[in-house]
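Per-entry structural report
One letter stands for each residue in the lines below.
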Amino acid sequence: MIRILSALLISGIALGAQAQQPAGDPKEAHKKIAMCEGCHGIPGYRTAYPDVYHVPMLGGQQAAYLAAALHAYKKGERSHPSMRGIAASLSDKDILDLAAYYAEGHK
């Protein structure tokens, strides 16, 4: 009986934690991806501002990673000027939607 109660308690805690993490809507991201596609949607694209580097593709990245990166740009914890400006214009919902969209593998 104690094992069953323990299992139910652990399951309930896990489900509660999942319910607290809002998920983005990849369908809503279609309204927001234009600002991303200009750089991230071009295979092999390299930019010269502020330094020359390869622009990473976003499709297939984990949603949690993408959301964390955008939040870090928004807070100024990551320093790329263009990305900081774009991230600053995004709401938390926008960030979740974009992360969900690109996590599905869209390019």
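For the structure itself, look to the data block above.
This text gives an overview of the structure that appears in the document. (Residues numbered from 1 in each chain as written. Predicted model: local features only at pLDDT ≥ 70, side-chain atom pairs only at ≥ 80, totals over all residues. Heavy atoms only, no water.)

1. Observations regarding the environment of Leu90
Positionally, Leu90 belongs in the loop between α5 (81–88) and α6 (92–103). Residue class for Leu90 comes out buried when judged on its relative accessible area of 4%. Considered as a pair, Leu90 and Lys32 are 58 residues apart in the sequence and their alpha carbons are 9.2 Å apart. The contact partners of Leu90, leaving out residues within four places of it in the chain, are Met35, Leu70, Lys74, Ile95 and Leu98. (Helix = DSSP H or I, 4+ residues; strand = E, 2+ residues; numbered from the N terminus. Buried < 20%, exposed > 50% of the residue type's maximum accessible area, 1.4 Å probe, protein only. Contact = heavy atoms within 4.5 Å.)

2. Some thoughts on the side chain of Asp94
Looking at the secondary structure, you find Asp94 in helix α6. Taking the relative accessible area as the measure of exposure, Asp94 reaches 17% and is therefore buried.

3. Focus: the nonpolar core
Side chains of a nonpolar character, in soluble globular proteins, are inclined to be buried together. The biggest cluster of nonpolar side chains holds 16 residues, and the ones touching the most others in it are Ile33, Leu70, Leu98 and Tyr102. Listed by contribution, the elements that provide at least two residues to this core are α4 (63–75), α5 and α6. If you tally residues by element for this core, the top one is α6, at five residues. When near neighbours in sequence (up to four residues on either side) are disregarded, Tyr102 contacts Ile33, Cys36, Glu37, Leu58, Gly59, Gly60, Gln61, Leu66 and Lys107. (Core = buried A, V, L, I, M, F, W, Y, C linked by side-chain atoms within 4.5 Å.)

Don't take any of this as a statement about function, it's just geometry.
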